[in-house]
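# A closer look at the structure
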Amino acid sequence: MSRRDLAAPRSAAFAVLVAASTWQACSKEAPSLPPNEAVPAALDPTDLLLVVDGVSIRWSDVAPQVAWLDTLAPEYSLRKKIQKVLSDHTIWVQFARRDFPEQRRQQFELAQTLRAACGNVEELRKNAEGRPMHQSRLSVGNVGLPVAAFLFDPSRVGAVSDPIEVPAGYLLVGCLDLTRTQVPMEDTCECVQVGFVTHNAPQWREWESATQSRIADRVTFVHPDYRLAMPPWLNLP
């Protein structure tokens, strides 16, 4: 899983916050799916998708991001979207919550405090002085899923998000300018992102690598209809 380092020199920790795993939906060609792929069972919020190393991931843990991907790239299969969400977001958030609960709580409280002082994105940019902050024009594929869902919503241009949970901690974000195209994956926005993270970039990459190695063989349950939706580095029973 790759990460794009967009941090300014004074804010190296911000590098871990911006996902650069540009999805294949950036291609204008429709995906090729197995011709006889069975339609997977519908899921209830409490239905288990995966249990790995004692961490349970349910449909409710991936459903919001999958629903947003449905609007972005409806031509892709449900399994592919679930795999994207698990690989880029949910697995890492769940394990980070378990491994760093106190650090995440502290960062969330800091994010809440700054958010209370910001009525719009210009105030966010002004009040974020001294924190990891980055401003740039990005496409949908250059930011994490829950962040993209806020930044590329036309009704939220100029607004400031509530703290958005990402694997490395939390973000406050705002869109200064949104450029829409006929292909949603090609939309771009000028955005401000302020980070509240538990680790700097090298530390975070080390933790991700160690966690992946540790849990790859510790899958104890996978939903039978969604085995093909699991990240390929997990060894399924």
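Quick summary incoming for the structure in this document. (Residues numbered from 1 in each chain as written. Predicted model: local features only at pLDDT ≥ 70, side-chain atom pairs only at ≥ 80, totals over all residues. Heavy atoms only, no water.)

Of regular secondary structure, the protein possesses six helices and seven strands. Of the regular secondary structure in the protein, the N- to C-terminal order runs β-β-α-α-α-α-β-α-β-β-β-α-β. The proportion of buried residues among the 237 residues of the protein is 50%. Within the protein, contacts between residues separated by at least 24 positions form 68% of all contacts whose residues are at least 6 apart in sequence. Summed over all atoms, the accessible surface of the protein reaches about 11,100 Å², with 50% contributed by carbon and sulfur. (Helix = DSSP H or I, 4+ residues; strand = E, 2+ residues; numbered from the N terminus. Buried < 20%, exposed > 50% of the residue type's maximum accessible area, 1.4 Å probe, protein only. Contact = heavy atoms within 4.5 Å. Areas by Shrake-Rupley, 256 points an atom, 1.4 Å probe, with all protein chains shown as cover.)

Residue Asp53 is not a glycine yet carries a positive backbone phi of 50 degrees. Residue position: Asp53 is located in the loop between β1 (48-52) and β2 (55-58).

Across all of its chains, the model carries 16 salt bridges by this definition. The closest approach of N and O atoms between Glu190 and Arg137, which form a salt bridge, is 3.9 Å. One end of the pair, Glu190, is in strand β6 (residues 188-197); the other, Arg137, is in strand β3 (residues 133-139), with 53 residues separating them in the sequence. Overall, the relative accessible area of 39% leaves Arg137 in the partly exposed class. Here the salt bridges share partners, and the residues they tie into one network are Asp53, Arg98, Asp99, Arg214 and Arg218. (Salt bridge = Lys/Arg side-chain N within 4 Å of Asp/Glu carboxyl O.)

Further remarks concern the sheet that holds strand β7 (residues 219-222). Pairing in this open sheet of three strands is antiparallel, and the strands run β2-β1-β7 from one edge to the other. Of all strands in the sheet, those bounded by a partner on one side alone are β2 and β7. Pairs of neighbouring strands in the sheet enclose a mean axial angle of 10 degrees, with direction left out of account. Summarising the sheet, β1 and β2 pair through four bridges and their orientation is antiparallel. Looking at the pairing, Leu48 lines up with Arg58 of β2. (Pairing = 2+ DSSP bridges. Axes fitted to C-alpha atoms, helices over the stretch in contact; angles between N-to-C directions.)

Such coordinate-based values are descriptive only and should not be taken to indicate function.
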